[in-house]
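Examining the three-dimensional arrangement
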Amino acid sequence: MPAPELVANVEAVLVTHLHEDHFDDTARRALARDLPLACQPEDAEQLRGEGFADVRPVDGTIDLLGISIARTDGRHGTGEIGEQMAPVSGFVLSAPDEPTLYIAGDTIWCDEVDAALKEHAPGVVVVNAGGARFNVGDPITMTPADVIAVAEATPDETLVVAVHMDAINHCVDTRAALKAATSEPRILIPLDGEALGLN
């Protein structure tokens, strides 16, 4: 679907962070400048500088169109690479009569993710899998083992949706690799463009 069609009826956008594989020039061109954009505090100034007039940094919790959005921590890798990739944020969205949604963001399995799961008890967790990495160092997004750790840390009714695979060359763990690593039915691995009903 062309980007302008994709965003035609969008009422607000959550920008997890400004790395090019999450917020690129196509997104910048397609989004109306008066559209509410929730983001991590570190990105607010740049988004405003790009002409977005309604930037809403999430430092704690905000309300966006009746949806409560809370920011969480994570680790976008380990050691020096993790420090260079920072900042990283996850976001928890909650609204009446809807399952709480935790978007973990670009993070590996770590104490911060575990703490967010315990604090917010989400019904649905979206993780950026793919085991993204550089030529040196550890993965900077979740590996199959990390995705399984998320599922093991959540109640039996919680769904874990693994995305961020098979599209970017530095994500070396494929959908097929994740499917081969687990038979857990709560771990959902959608195809590109696939819509999931999560209620």
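As a reminder, the structure under discussion sits directly above these lines.
Since we're looking at a predicted model, the values are computed, not measured.

**As for the overall build of the protein chain**
In terms of regular secondary structure, the protein chain is built from seven helices and ten strands. Taking 16 Å as the expected radius of gyration for a compact globule of 199 residues, we find that the protein chain reaches 16 Å, a close match to that expectation. Dimensions of the protein chain along its principal axes, counting C-alpha atoms only, are 45 × 45 × 35 Å. Expressed as a percentage of the 199 residues in the protein chain, the buried residues total 43%. Looking at the protein chain alone, contacts between residues at least 24 apart form 55% of all its contacts between residues at least 6 apart. Here the protein chain displays about 10200 Å² of accessible surface, and carbon together with sulfur accounts for 51% of that area. Taken as two groups, the 12 positive and 34 negative side-chain charges of the protein chain have centres that lie 2 Å from each other.

**Details of the sheet that holds strand S5 (residues 67–72)**
Judged by pairing direction, the sheet is mixed, and its seven strands sit side by side in the order S4-S5-S6-S7-S8-S9-S10 without closing on themselves. Every other strand in the sheet has two partners, leaving strand S4 (61–64) and strand S10 (187–188) as the edge strands with one partner each. By the bridge criterion, five bridges tie S5 to strand S6 (residues 90–94) in an arrangement that is antiparallel. Residue Ala 70 lies in a different strand from S6, and its bridge partner there is Val 92. On top of the sheet, helix H6 (residues 144–152) reaches strand S8 (124–128), strand S9 (159–163) and S10; it is set at about 160° to S9, its chief contact.

**Quick look at the pairing of S9**
Here S8 runs beside S9; their pairing, made up of five bridges, is parallel. Bridge pairing in S9 places Val 126 opposite Val 161. A crossover links S8 with its parallel partner S9, the connecting element being H6, and its sense is right-handed. The pairing of S9 with S10 spans two bridges and is parallel. Pairing of Val 160 across the sheet is with Ile 187, part of S10.

What counts and what doesn't
- Residues numbered from 1 in each chain as written.
- Predicted model: local features only at pLDDT ≥ 70, side-chain atom pairs only at ≥ 80, totals over all residues.
- Heavy atoms only, no water.
- Helix = DSSP H or I, 4+ residues; strand = E, 2+ residues; numbered from the N terminus.
- Rg over C-alpha atoms; globule rule 2.2 N^0.38 Å.
- Buried < 20%, exposed > 50% of the residue type's maximum accessible area, 1.4 Å probe, protein only.
- Contact = heavy atoms within 4.5 Å.
- Areas by Shrake-Rupley, 256 points an atom, 1.4 Å probe, with all protein chains shown as cover.
- Lys, Arg positive; Asp, Glu negative; His and termini not counted.
- Charge placed at Lys NZ, Arg CZ, Asp CG, Glu CD.
- Pairing = 2+ DSSP bridges.
- Axes fitted to C-alpha atoms, helices over the stretch in contact; angles between N-to-C directions.
- Right-handed = clockwise from strand over helix to strand, strands pointing away.

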